[in-house]
Amino acid sequence: MNFEYSDEQRMLADSADRLGKDLWPSSDRLKLLENFDGLAAQTWAQMAELGWLMLPIAEDHGGLGGSPVDVMAVMEGMGRHLVAVPYVASAVLVPALLGNGGDTAAEVLGAIGEGSAKAAAGLLEPDGGYDLSWVGLSAQRSSGGEWTLSGEKLHVEDGGDADWFVVTARSGGGISDAEGVSLFLVRADAPGLSVRRFRAIDQHRHARLGFSGVTAILIGEADDALADVELAVDKAICAHLAEAVGSMDAALSGTLEYLRTRKQFGVAIGSFQSLQHRAVDMAIALEEARSLSYRATLSLGLPAPERRRVVSASKARVGQCGLYVGRQAVQLHGGVGFSDELIISHHLKRQMMLESAYGSAEHHLARFVAAA
Amino acid sequence: MDLEFTPAELAFREEVRAFFAENVPAEWLTRVRAGLRLEPQELIAYQKALAARGWGAPTWPVEYGGPGWSPAQNYIFESESARAGAPIQFHQGLELIGPIIFTYGSQELKDRYLPGIINADDWWCQGYSEPGAGSDLASLRTTAVRDGDHYVLNGQKMWTSYAQVASHMFVLARTSQEPKRQQGISLLLVDMTTPGIAIRKIETMDEKYTTNEVFLDDVRVPVGNLVGEEGRGWEYGKVLLDRERMVCSATAIHLPQVLDGVREAAAARKVRGVPLIETPAFAAQLAQLEIEAMALETMVLRLLADLASGADSGPRGSMVKLRWSDLYQRATALWIDAHGPEAAHFRALDGEGPADMPYAMQGALYSRVTSIYGGSSEIQHNIIARRALGL
């Protein structure tokens, strides 16, 4: 039993913190966001140079074969400085999905690792909530063995700038059957694929996909992808948990600093007991979230039922804690907390989005119950 | 980072599991699950069984009779104890006065009192709070005046749990008036058979006899029973601040027992023909408590890992106490919900009542005091704000 980073992981965490501090300084955030494309490109290039884009990719595929704890070390820094790039989708989720792919998948992984391509995963559909087994996108196999996809994907997390999409599609069974779900790889510019792009309140860029007879490459075995998809999404969730913890940590530190320095009625507002107690509740929420982030990340290797239970419990609770810390950080800052110029409101906006990404607290509470 | 136990720790777990399988009577379960203390004679028997095995004082240093366990072993011991439905050891001697005696007491006091705590030959109660000194303990007014070879105690103590069965009491009393209220307070060990001690039961809302007022009227205590130096008793409490992490951790590790009780009650009860535990609204409430309990358990694991590595864990003991008392209160409240209309059947007026019910309700009532005793939740917030957040 040990909750310490190794020396290498500590270096990784420090370097993630430094990158965030250098490229995404909170004092200039609004101004920097005016040139979002340039900032994102510069960040991505540095991440490639540091090897982070190939960190979670298996060594067999030319990656570094980093562990979930390595990813956690990177993500805390991303959260602390609200680095809004599609790292989790492209470097964590997609590589976990493409592990069993063929030649094209290997090429895509190579391109992701060196930073020349981005990828995202389309897993959610209308009327299915966050249920990964609710797959209606139809996959038809021609007599020549070629697969074509028709239907839609409601939301692709961080898919706004993707060059490739990995999507689940139904090759057999009914709309929510576990059997009959297959995984496919498609180019963003494939004929018949329509990509609608959206920016969220936290600057992350997402997509909604429409398919009419899009040719796609099957990844792994047909009909049997759901278990792998679930595991890959659990890995993405754990990366997000670490990001949430980093963001909560920064929001709390900023709030404590403000409580110590802001004066009203002739005294520091941190001398008021009601504000002190609120800050303590924020600190406890952070402590809970950090504990669960560690626990979930260290549970990724457990058998599926136990892994699901721990990851969903953690996702649900960290979401609640993150929203609490974000909202109270805004509240304790008063008027300036509401302003967009201070980074505090950006932390709340990121927490709101993290709470729902890959399943809301409500969804994961239900998954936790089902896993018991 | 890893969550694994070593092979030696796994072997230790088997050993502990076997002990609990033999030494925990089934009839304790309903009360233990409700978070209620067993009767003193039951706790004494349990403590004697642990002592016979060499495990009477799990967190004490070896030289004073502890087993020399690592924090991981302590975690395993407590979690197996919780799994087996064993109670938490009675803590007033083991955790509240024992550590002060072995840290600050004379050799004579150590020799005289430490074995009795481990073997349960002595039962200790705590004479700290007074009618006008609760959370603000430093305002205590009980006096100890030196008269030859004795201190003469006069005053009134309040909320003295188990004074009615205790053989000894540790008392904070004022030995001199000093400008700073925390100074001039001394810690004395008092034999409860000493003339001048009167005990009056305090009725509490859980209808369980636990606590008392204790009146001290010219109670003569030998000067040899002064712990450490005269006037410095307040400082000795500090050793407990560090140790309370262990106490809080132990209670928190036992929280799943309560949730087991809730789950069992909700599985047994049907609402419109469906087991309550399968109804979405109830299942969601229970799941919420279970995930918060998982967070708390992980906080405890981190706390213990920090202790093992010698890292300062700050006021995380206070955080654990806050989270635990909140969850215990909510869990017992949900347990009451699970009993539906039968929750109103607290005591049978004729013959035997429905099994379990009085204990779940008593637990729910008792739980209200857990956010008040041992430093109220508001005091815990103050401690964390000051010690951890620098406010």
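Note that this is a predicted model, so its numbers are computed, not measured.

Right, let's get into the interface of chain A and chain B. Each partner contributes residues to the interface: chain A has 37 residues there, and chain B has 34 residues. Of the roughly 3,500 Å² buried between chain A and chain B, counting both surfaces, carbon and sulfur atoms make up 70%. The interface formed by chain A and chain B includes five salt bridges. Note that E288 of chain A is salt-bridged to R323 of chain B, the shortest N-O span being 2.9 Å. Viewed at the interface, chain B and chain A are joined by 14 residue pairs in polar contact (both at pLDDT 80 or more). Here the side of chain A that touches chain B takes 16 residues from helix α8 (residues 273-298) of chain A, the largest share from any one element.

One pass over the full model with this rule turns up 52 salt bridges over all chains. Note that E235 of chain B is salt-bridged to R232 of chain B, the shortest N-O span being 2.8 Å. The shortest N-O distance in the salt bridge between D306 of chain B and R316 of chain B comes to 2.6 Å. Pair noted here: D306 of chain B is in helix α10 (residues 280-309) and R316 of chain B is in helix α11 (residues 316-338), with a separation of 10 residues, a long-range link. The same class applies to D306 of chain B and to R316 of chain B, which are both buried. When salt bridges that share partners are traced, they join D17, K21, E76, R80, D249 and R290 of chain A into one network.

Right, let's talk about helix α4 (residues 71-83) of chain B for a bit. With 13 residues, α4 of chain B extends 18 Å between its outermost C-alpha atoms, agreeing within 8% with the 18 Å of an ideal straight helix rising 1.5 Å per residue. Within α4 of chain B, 12 of the 13 residues are buried, leaving the element largely enclosed by the surrounding structure.

Let us look at the state of the cysteines. Per the stated rule, a full pass over the model turns up zero disulfides over all chains. Just so you know, C248 of chain B is unpaired, no disulfide at all, and the nearest cysteine sulfur is the one on C321 of chain A, 19 Å from it.

Attention now moves to empty space enclosed by the protein. All names here are of chain B. By the definition in use, this model includes six cavities of 30 Å³ or more. Taken as a whole, the largest cavity holds about 150 Å³ of empty space. Along the wall of the largest cavity there are 13 residues; nearest its centre are Q47, F90, I117, D122 and W123. The set of elements that each furnish at least two residues to the lining of the largest cavity consists of α3 (40-52) and α5 (91-104). Element by element, the count of residues in the lining of the largest cavity is highest for α3, at four residues. A class-by-class count of the residues in the lining of the largest cavity yields nine nonpolar, three polar and one charged.

All names here are of chain B. The domain boundaries assigned to chain B delineate domain 1 (7-101), domain 2 (124-232) and domain 3 (238-387). Taking only C-alpha atoms, the centre of domain 1 and the centre of domain 2 are 28 Å apart. In this complex, domain 1 contributes 12 residues to the contact, which on the side of domain 2 involves 12 residues. With both chains or domains summed, domain 1 and domain 2 bury close to 990 Å², and 72% of this area falls on carbon and sulfur atoms. Applying the counting criterion to the domain 1 and domain 2 interface returns one salt bridge. Between E39 and K208 there is a salt bridge, with its nearest N and O atoms 3.9 Å apart. Our count for the domain 1 to domain 2 interface comes out at two residue pairs in polar contact (both at pLDDT 80 or more). If one sorts the elements of the side of domain 1 that touches domain 2 by residue count, α5 sits on top with six residues. The class makeup of the residues in the side of domain 1 that touches domain 2 is eight nonpolar, two polar and two charged.

The next subject is a negative patch on the surface. Residue and element names in this part refer to chain A. On the surface, a cluster of negative charge is contributed by D177, E179, E221, D223, D224 and D228. Secondary-structure assignment places E221 in the loop between β7 (205-219) and α7 (226-261). Here E221 falls in the exposed class, since its relative accessible area comes to 63%.

Definitions and cut-offs
Residues numbered from 1 in each chain as written. Chains lettered and ligands numbered in written order. Predicted model: local features only at pLDDT ≥ 70, side-chain atom pairs only at ≥ 80, totals over all residues. Heavy atoms only, no water. Contact = heavy atoms within 4.5 Å. Buried area = accessible area lost by both parts, 1.4 Å probe. Salt bridge = Lys/Arg side-chain N within 4 Å of Asp/Glu carboxyl O. Polar contact = N/O pair within 3.5 Å; in protein donor to acceptor, adjacent residues only side chain to side chain. Helix = DSSP H or I, 4+ residues; strand = E, 2+ residues; numbered from the N terminus. Buried < 20%, exposed > 50% of the residue type's maximum accessible area, 1.4 Å probe, protein only. Expected span 1.5 Å × (residues − 1). Disulfide = S-S within 2.5 Å. 1 Å grid on protein atoms, 1.4 Å probe; cavity = no way out; pocket = protein on both sides within 12 Å on 5 of 7 lines; lining within 4 Å. Points joined across faces, edges and corners; volume = space filled by probe spheres on them. Nonpolar A, V, L, I, M, F, W, Y, C, P; charged D, E, K, R; others polar. Domains from an automatic or database assignment. Patch = residues over 30% accessible without salt bridge, like charges linked within 9 Å, V, L, I, M, F, W, Y side chains within 5 Å. Areas by Shrake-Rupley, 256 points an atom, 1.4 Å probe, with all protein chains shown as cover. Lys, Arg positive; Asp, Glu negative; His and termini not counted. Charge placed at Lys NZ, Arg CZ, Asp CG, Glu CD.

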